[in-house]
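Residue strings, one per chain:
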Amino acid sequence: MPKLFRWCRWQSATFMATLAAALAVVTGASVALANATTGSAAASTSASVNATTASTTTSGIAPAISCADIASKDLAAAVPGVPFEISSATELAASANTLGNWAACDVKGVIAPQIHFEIKLPQSGWQANYLQVGCGGLCGNTNVTSAPASAGCVPLTSGAFAVASSDEGHYQGGALFSTDPTLRADFGYKSDHLLVQAAKAIIKTYYGQAPDHSYFDGCSQGGHQALTEAQRYPTDFDGIIAGAPANNFTALNTFSHAWTAQSVYLNGGPATITNADLADLHKAVLKGCDAPADGIIADPLACDWDPATIECKAGQTSTSDAYCLTADQVTTLQRIYAGPTDENGKLLYPGYQLRGSELNWAGIITPATATSNSGDISFVRETLRYQIFDSPQPALTYKDVKFTAAYYKKVMQLGEGMYDATDPDLSAFKKAGGKLILWHGLGDQHIPAVGTMAYYKAVEKVMGGETATKSFARLFLLPGVAHCGGGQGPNTFDALTAMTDWVTKGEAPSSLTTTSVDSSGKVTSTRPVYPFPYYAKNTTGGSADDASSYTAVKSTAEANLKLDWLGSFRSGYETVGNWVKGQWVVSKGKV
């Protein structure tokens, strides 16, 4: 999945002010961020153990042992129930660290049976913080540098966080691993919970103390991992950032992707819409939605433009100057904007493509040519063949998905308990002091943002309404932004600072500033995003590229969102799998 590169507003002076404030608060959920003076006790202890390492430490908590020593430690019994071992520990020069300019002890290891992980431990500057990052797609590799809402943030680039990630228990890029029940469970809900325990044990051994606060940052599958943690393991992390979450995993990878595929390839024929159509189609949508001059639809849920309004008249040929749609193209687009429905018109996935997202469809929803495959076809194939059913179904394709209530019930009963993270009851997470930032690009071509809106509204309903929910969880929607970044709207922002401020100082984010950055790193535009259901509207007449031109306006469409969905956001659907006397047993439960 694409990476977002973000620039942090938490500069050094602010960081030190935050540090001082945090050190003044020493109750329950507070953080103790150490520096050269306030962290002297831990640093001096470390210095007595390892003078060489400590002498190179200019701030923060110094390591208690050398990087070479951590590799030789026997930590097999460090976390009961989480068998793991370190396979290597090597010193990483600051110049070679893509996370920031800090030297690290780069630790790699395995959690049984085959969850490969990596953790970068700062050799100087560590402020007793831990950040765990998610992955994209079906994972299959360890990418500790993928911090989608954090990259460029000063505390991260200066070594304030130990950072870890895993491959979720497999090394294949596809779904073949799901034929093994243990690996299926590790991917579905288990691997991140195991990793955070192993990582904290390694951190404690290396520094002589555990982290004071722990955070999670992920987008797409990483967003799914993030919500799984909040729902199933509410005490693992103090702050969780979940971007474009694939949390309704089962319905997304079957009904949503298959619907768009069957819509584009009507009746199994060639594609009715290809990449070549998207620019002209997008222009028509902007006109139909009365978009402003900057071409960004700020409140796309409020637009119900009908593709039939530009259907070609008899004998008319579509051109770029007079773009029109064939009857089949109208059908295709109407289906895509409506979302997957059963025989009674009920949605089989709580979302659909928003108008204005068209330029982002290339390669995912639409193919390069009428006879080539779209990305949706591949997504459905992997899930159908290896993830849903009890045994492999290697012949299944997107064409085999049936949009009926009966087929929906069958698929969801098989998959949702192990894979989905749609439980709206976050009371345990809130009680533990956890904070949640959800974010989603409104131009997302992979995972429709409407599904995240629907989930958030379900959380509000269960958690006591808008005000009660905003006390610990907020959703930010980014106009024009594609899946986990890119697109037409400002798509870079710093959520990690907002999260650490919320956790350590109790300052909930009232807005986030998003920016567009050109290839040279120059900021070309800024725009605020506000917590759902508010959006930024240019009420001043000022420059569309200046955040000061915007104010918060409540979206009636978002506030009143209601979906006629066959499914539901509820508790109690979750399952867990365990080996019992040589048999794989699946039972109801979260953990």
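What you see is a predicted model; the values in this text were computed from it and never measured.

Caption draft 1: Geometry of the overall build of the protein chain. When its secondary structure is counted, the protein chain shows 17 helices and 15 strands. The buried share of the protein chain, reckoned over its 591 residues, is 58%. If you take every contact in the protein chain between residues at least 6 apart in sequence, the share linking residues at least 24 apart comes to 69%. Entry remark: accessible area of the protein chain is about 22100 Å², with carbon and sulfur atoms responsible for 52%.

Caption draft 2: Representation of the state of the cysteines. By the definition in use, this model includes five disulfides. Here C67 is linked by a disulfide to C105, with a sulfur-sulfur distance of 2.1 Å. Across the disulfide from C67 to C105, rotation about the S-S bond amounts to roughly 80°, and the bridge is consequently right-handed. On the criterion of sequence distance, the pair formed by C67 in helix α4 (residues 67-72) and C105 in strand β2 (residues 104-111) is long-range, its members being 38 residues apart. Both residues of the pair, C67 and C105, count as buried. Disulfide pairing places C289 opposite C303 at an S-S distance of 2.0 Å. Torsion about the S-S bond of the C289 and C303 cystine: about -80°, corresponding to left-handed handedness. Of this pair, C289 sits in the loop between α9 (278-288) and α10 (327-338) while C303 is found in the loop between α9 and α10, placing the two residues 14 residues apart along the sequence.

Caption draft 3: Seen up close, the nonpolar core. Membership of the largest hydrophobic core comes to 112 residues, with the highest contact counts inside it found for L121, Y130 and M453. Top element by residues in this core is helix α6 (residues 181-207). It accounts for 10 residues. Counting 33 residues, the second-largest nonpolar core is a separate cluster that includes L99, W102, A495 and W502.

Caption draft 4: Representation of the environment of L183 in the model. Position of L183 relative to the elements: it lies in helix α6. Classification of L183 by relative accessible area gives buried; the value is 9%. As for L183 and Q114, which are separated by 69 residues in sequence, their C-alpha atoms are 8.3 Å apart.

Caption draft 5: Representation of the side chain of D167 in the model. By the secondary structure assignment, D167 is in the loop between β5 (161-166) and α6. The buried charged residue D167 lacks any salt bridge partner; its closest oppositely charged side chain belongs to K108, at an N-O distance of 11 Å. Those residues in contact with D167 that sit more than four places away from it in its chain are Q114, I115, H116, C139, G140, N141 and T142.

Caption draft 6: Highlighting the packing of aromatic side chains. Applying the stated criterion to the full structure yields 21 aromatic pairs. Plain terms: the ring middles of W126 and Y207 are 3.9 Å apart, the flat faces sit at 15° to each other, and that makes the pair stacked. Here W126, found in the loop between β3 (115-122) and β4 (129-133), pairs with Y207, found in helix α6; they are 81 residues apart in sequence, far enough to count as distant. Judged by its relative accessible area of 2%, Y207 is buried. Summarising the aromatic geometry, the rings of F216 and F237 are spaced 5.5 Å apart at their centres and angled 70° between planes, so their arrangement reads as edge-to-face. You can see F216 sitting in strand β6 (residues 213-219) and its partner F237 sitting in the loop between α7 (221-232) and β7 (239-243), a full 21 residues away along the chain. Each member of the pair, F216 as well as F237, carries the same accessibility label: buried.

Caption draft 7: Looking closely at empty space enclosed by the protein. One pass over the structure, following the stated rule, counts six cavities of 30 Å³ or more. Volume-wise, the largest cavity comes out at about 80 Å³. Taken together, H282, G295, I296, I297, P300, R355, G356, S357, L442, G443, G480 and Q488 form the lining of the largest cavity. A per-class count over the lining of the largest cavity returns four nonpolar, seven polar and one charged. One number sums up the size of the second largest cavity: a volume of about 60 Å³. In terms of lining, the second largest cavity is formed by A298, L442, L477, P479, P528, V529, Y530, Y534, Y535, A536 and E558. Within the residue set of the lining of the second largest cavity, elements represented by two or more residues are β11 (523-529) and β12 (534-538). Element by element, the count of residues in the lining of the second largest cavity is highest for β12, at three residues.

Caption draft 8: Focus on the environment of G188. Structurally, G188 is set in helix α6. Relative accessible area serves as the criterion here: at 3%, G188 is assigned to the buried category. When near neighbours in sequence (up to four residues on either side) are disregarded, G188 contacts H224, T228, M418 and Y419.

Caption draft 9: Inspection of the side chain of S165 at higher detail. Tracing the backbone shows S165 in strand β5. Classification of S165 as buried rests on a relative accessible area of 1%. Only 3.0 Å separates the side chain of S165 from the backbone oxygen of V133, close enough to count as a polar contact. Contact partners of S165, with chain neighbours within four places excluded, come to H116, F117, E118, V133, G134, T142, N143, V144 and L195.

Caption draft 10: Main features of the sheet that holds β2. Strand order in the open sheet formed by nine strands is β1-β2-β3-β5-β4-β6-β7-β8-β9, with mixed pairing between adjacent strands. Of all strands in the sheet, those with a lone pairing partner are β1 (84-92) and β9 (473-478), marking the two edges. Mean inter-strand twist for the sheet, computed between neighbouring axes without regard to direction, equals 15°. Both β6 and β7 contribute to a ladder of five bridges, which runs parallel. Bridged to G218 within β7 is A242.

Caption draft 11: Unusual backbone geometry, seen in detail. In this chain, A112 is followed by P113 through a cis amide linkage whose omega measures 0°. Tracing the sequence through the fold places P113 in the loop between β2 and β3. Each neighbour pair has its own omega, and for F532 with P533 the value is 10°, a cis peptide bond. Inspection of the secondary structure assignment puts P533 in the loop between β11 and β12. Of note, N267 is a non-glycine position whose phi angle comes to about 55°, a positive value. One can find N267 in the loop between α8 (249-264) and α9. Judged by relative accessible area, N267 falls into the exposed class, the value being 83%.

What counts and how
- Here, residues in each chain are numbered from 1, in the same order as that chain's written sequence.
- Under the rules for a predicted model, residues below a pLDDT of 70 receive no local features and side-chain atom pairs below 80 are neither given nor counted, while totals for whole chains, interfaces and linings still include all residues.
- Excluded from the side-chain calculations are hydrogens and water; all other atoms, namely the structure's heavy atoms, are used.
- Secondary structure counts use DSSP, requiring at least four H or I residues in a row for a helix and at least two E residues in a row for a strand, with both numbered from the N terminus.
- Buried residues are those whose accessible area, probed at 1.4 Å on protein chains only, stays under 20% of the maximum for their type, while exposed residues exceed 50% and partly exposed ones sit between those limits.
- Contact definition: two residues touch when any of their heavy atoms are within 4.5 Å.
- Working definition of accessibility: Shrake-Rupley area with a 1.4 Å probe, residue cover restricted to the visible protein chains.
- The disulfide criterion used throughout: a pair of cysteine sulfur atoms within 2.5 Å.
- Each nonpolar core is a collection of buried residues, namely Ala, Val, Leu, Ile, Met, Phe, Trp, Tyr and Cys, held together in the definition by side-chain atoms within 4.5 Å.
- Here Asp and Glu are counted as negative and Lys and Arg as positive; His is not counted, and neither are the chain ends.
- Here a salt bridge means any side-chain nitrogen of Lys or Arg lying within 4 Å of a carboxyl oxygen belonging to Asp or Glu.
- A pair of aromatic rings is counted whenever rings of Phe, Tyr or Trp (Trp by its six-membered ring) have centres within 6.5 Å, and the orientation is called stacked for planes under 30 degrees apart, edge-to-face for over 60 and tilted otherwise.
- The definitions used throughout rest on a 1 Å grid laid over the protein atoms alone, on which a cavity is an enclosed set of points accommodating a 1.4 Å probe that cannot get out and a pocket is an open set flanked by protein within 12 Å on both sides along at least five of seven lines; lining residues are those having an atom within 4 Å of a point.
- Grid points are joined across faces, edges and corners, and a volume is the space filled by probe spheres set on the points.
- Three categories are distinguished: nonpolar for Ala, Val, Leu, Ile, Met, Phe, Trp, Tyr, Cys and Pro, charged for Asp, Glu, Lys and Arg, and polar for the others, with Gly belonging to the last.
- Definition of a polar contact: a pair of N or O atoms within 3.5 Å, with one able to donate and the other able to accept a hydrogen when the atoms are protein atoms, and with sequence-neighbouring residues admitted only if both atoms are side-chain atoms.
- A pair of strands is treated as paired once DSSP finds two or more bridges between them.
- The angle between two axes is taken between their N-to-C directions and runs from 0 to 180 degrees, where each axis is a line fitted to C-alpha atoms and a helix contributes only its stretch in contact.

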